[in-house]
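Listed here are the chains, written in short residue letters.
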Amino acid sequence: MSRRSVLRTTAGAGLGLGALGVPSASAAPAPPVPAAAPAAGSAAGDGAAEDSADEAAVPPRRGRTMAGVPFERRSTVRMGIIGLGNRGDGMIGLFLALPWVRVVALCDPVREKAERAAARVVNAGQPAPALYTRGEDDYENLCGRGDLDFVYVATPWDSHAAMAACAMLNGKHVGVECPLAMRLDDLWRLVDLSERTRRHCMQLENCCYGRNEMRVLRMAHAGRFGELLHGAGAYNHDLRDLMFSPDYYEGPWRRLWHTRLRGDLYPNHGFGPVANYMDVNRGDRAVSIASFGTPALGLAEYRGAHMPPGDPSWKETYIGSDRTVSLVRTAKGRVIRLEHDVSTPHPYSRINSLGGTKGVFEDYPARIYLEPDHTGHQWGDFAAYADWDHWLWKEHSNPPGGHGGMDYIMVYRLMQCMRLGLTPDFDVYDGATWTAPVPLSHASIKADGAPQQIPDFTRGEWRKARAGVDSPRPAGAAV
């Protein structure tokens with residue numbers, strides 16, 4: 001499905017649930033009977049009711065699991081980049097900063113962007129990369145090259161699934177910017193392709209590598225929060241000026257999603273870190289989501305105040321909820337709250353909180369309360385827990401790049417895993433789980449908040465504990 005085909009869909013009508021790969025509210029099966037919550041002090045709930053209700057909805061495995069599958073060891077990682085807008089162009093320097101990574105090919109329909117990116121590659125001392133700029137489907141030719149190990153996708157959301165599938169079908173591992181796909185059936189397709197082709201398909205979720213997130217992760221796994229009970233994550237980021245800017249995005253593609261879907265369009269930044277804290281897909285599983293949304297007023301109000309008469313945006317009708325709130329329940333009875341708001345005035349926040357039987361952490365600003373460290377109901381200083389920093393942050397205390405250095409930490413770790421032949425910190429099952437709220441929150445809001453089942457993309461592998469982002473430093477690894 002090309003970018004153009006999505007942009008041709010009728011603005012203002014909203015995509016039907018069937019177009020999102022989920023059943024309509026009238027055809028949807030009754031939600032599963034909730035499993036019993038875990039007993040006090042218990043590490044796990046029953047989860048049997050969800051499992052039995054969900055088994056029929058999970059398609060049979062067509063390949064072998066990709067859980068725990070390592071990369072092939074290689075001395076040099078040869079990569080191609082598809083999409084050279086703000087995100088793609090901004091990431092090139094991080095890949096070029098690693099001496100064992102070579103940027104072999106670049107793709108973007110706008111040739112000037114590809115040429116600028118190619119100049120950066122040459123200036124870094126690498127050979128000139130091949131350019132693929134002949135239309136929106138030229139990425140297929142990049143993926144077909146025989147000298148690539150990894151393809152990085154940083155394009156508008158509607159193209160992510162097709163590009164990731166093309167990369168895997170051509171024998172390449174692939175990393176995709178958020179979200180992995182916009183439809184539930186596309187998520188299943190990527191899971192199946194990853195298993196069949198034995199290629200990793202990863203959601204490149206940089207927030208999982210934030211300093212605070214990795215510190216909380218290590219503390220949670222060490223039991224500092226006791227038995228985990230609840231967490232929260234969000235993408236609350238005022239993007240009104242950027243979505244109406246004629247220059248920031250390549251066309252109005254991001255704003256137009258607010259004419260089609262009512263739910264959480266960007267859950268990954270909040271969901272990924274909290275899922276890691278709770279070992280989702282590694283001992284626990286997200287089983288259902290119930291979502292609620294406010295009226296869609298913010299974008300129209302901003303347009304009225306800032307856009308001149310006759311601007312194409314005046315033909316748009318916005319249906320995307322200004323604020324969505326979702327509750328995700330896990331097999332162990334834990335609760336994760338997700339929020340999304342890019343249409344109203346709000347200081348940036350991913351919320352990033354975690355609570356258990358021994359205390360709680362909340363971010364923006366970072367603060368913590370743990371027993372027996374703190375008393376008197378007064379927040380403690382999170383900076384006092386710097387000894388809990390992940391080894392990646394101890395070795396790269398002042399990393400280059402944006403977003404506070406988390407982008408570099410993510411790139412470094414991924415490329416390190418490929419070079420040393422290690423299992424990646426997350427896989428296609430994580431990406432599919434973190435992205436499932438996109439179609440399912442829309443379906444839930446359309447059904448007046450009715451819970452929607454989150455598929456078990458792992459097909460039962462979630463019961464097995466395994467390493468993730470909280471991984472040990474590889475022996476003999478170069479700093």
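Here we summarise the structure given alongside this text.

Conventions we followed
Residues numbered from 1 in each chain as written. Predicted model: local features only at pLDDT ≥ 70, side-chain atom pairs only at ≥ 80, totals over all residues. Heavy atoms only, no water. Pairing = 2+ DSSP bridges. Helix = DSSP H or I, 4+ residues; strand = E, 2+ residues; numbered from the N terminus. Contact = heavy atoms within 4.5 Å. Axes fitted to C-alpha atoms, helices over the stretch in contact; angles between N-to-C directions. Phe/Tyr/Trp six-rings, centres within 6.5 Å; stacked < 30°, edge-to-face > 60°. Buried < 20%, exposed > 50% of the residue type's maximum accessible area, 1.4 Å probe, protein only. Lys NZ or Arg CZ within 6 Å of the ring centre and 35° of its normal. Expected span 1.5 Å × (residues − 1). Salt bridge = Lys/Arg side-chain N within 4 Å of Asp/Glu carboxyl O.

Re the sheet that holds strand β7 (residues 228–236)
Then comes step 1: The eight strands lie next to each other as β13-β12-β11-β7-β10-β9-β8-β14, forming an open sheet whose pairing is mixed. Each end of this open sheet is capped by a strand with a single partner; those strands are β13 (367–370) and β14 (452–453).
Then comes step 2: Two elements, strand β12 (residues 359–362) and β13, share four bridges in a ladder whose sense is antiparallel. Each residue of the ladder has a partner; that of Gly 359, found in β13, is Leu 370.
Then comes step 3: Its contacts with the sheet place helix α16 (residues 437–446) against β8 (286–293), β9 (324–330), β10 (335–341) and β14, and it is angled at close to 55° to β8.

A look at the packing of aromatic side chains
Then comes step 1: Tallying each qualifying case throughout the model produces 16 aromatic pairs.
Then comes step 2: For the ring pair Phe 95 and Tyr 152, a centre distance of 5.5 Å and an interplane angle of 55° mean the geometry is tilted. Of this pair, Phe 95 sits in helix α3 (residues 86–96) while Tyr 152 sits in strand β4 (residues 150–153); the two residues are 57 residues apart in sequence, bridging distant segments of the chain. Judged on exposure class, the residue Phe 95 and its partner Tyr 152 are both buried.
Then comes step 3: In this structure, Arg 303 packs its charged tip against the face of Trp 314, placed 4.7 Å from the ring centre.
Then comes step 4: The ring of Trp 100 has Arg 419 sitting right over it, with the charged end atom 4.8 Å from the ring centre.

Some points on helix α14 (residues 406–420)
Then comes step 1: Taking 1.5 Å per residue as the helical rise, α14 with its 15 residues ought to reach 21 Å, and the 21 Å between its terminal C-alpha atoms agrees with that figure.
Then comes step 2: In terms of burial, α14 is a largely internal element, 14 of the 15 residues being buried.
Then comes step 3: Following α14 by one or two positions, Gly 421 has its phi on the positive side, about 70°.

Concerning the environment of Phe 150
Then comes step 1: Residue placement: Phe 150 occurs in strand β4.
Then comes step 2: With 49 residues separating them along the chain, Phe 150 and Arg 199 place their C-alpha atoms 9.6 Å apart.
Then comes step 3: Sequence-distant contacts of Phe 150, that is, excluding residues within four places in its chain, are made with Val 77, Arg 78, Met 79, Gly 80, His 173, Val 174, Gly 175, Met 202, Leu 204, Leu 414, Met 415 and Met 418.

Here's the deal with the sheet that holds strand β3 (residues 130–132)
Then comes step 1: Strand order across the open sheet formed by six strands is β3-β2-β1-β4-β5-β6, with parallel pairing between neighbours. In this open sheet, the two edge strands, each paired with only one partner strand, are β3 and β6 (201–203). Between one strand axis and the next, the sheet turns by 25° as a mean value, whatever way the strands run.
Then comes step 2: Judged from the three bridges that link them, strand β2 (residues 101–107) and β3 form a sheet pairing that is parallel. Looking across to β3, one finds that Leu 106 is bridged to Leu 131.
Then comes step 3: Where α3 meets the sheet, its contacts fall on β1 (77–82), β2 and β4, and the angle it forms with β4 comes to roughly 145°.

Some remarks on the pattern of salt bridges
A side chain with one charge can pair with a side chain of the opposite charge if their charged atoms come near.
Then comes step 1: All chains considered together, the criterion is met by 31 salt bridges.
Then comes step 2: The closest approach of N and O atoms between Asp 149 and Arg 78, which form a salt bridge, is 3.0 Å. On the criterion of sequence distance, the pair formed by Asp 149 in the loop between α5 (139–143) and β4 and Arg 78 in strand β1 is long-range, its members being 71 residues apart.
Then comes step 3: Owing to a relative accessible area of 10%, Asp 149 belongs among the buried residues under this scheme.
Then comes step 4: Relative accessible area serves as the criterion here: at 30%, Arg 78 is assigned to the partly exposed category.
Then comes step 5: With its nearest N and O atoms 3.0 Å apart, the salt bridge here joins Arg 87 to Glu 177. Taken together, the residues span a long stretch of sequence, with Arg 87 in helix α3 and Glu 177 in the loop between β5 (173–176) and α7 (184–197) at a distance of 90 residues.
Then comes step 6: On the accessibility criterion, Glu 177 (9% relative accessible area) is buried.
Then comes step 7: Through salt bridges with shared partners, a single ionic network connects Glu 72, Arg 74, Arg 78, Asp 149 and Arg 199.

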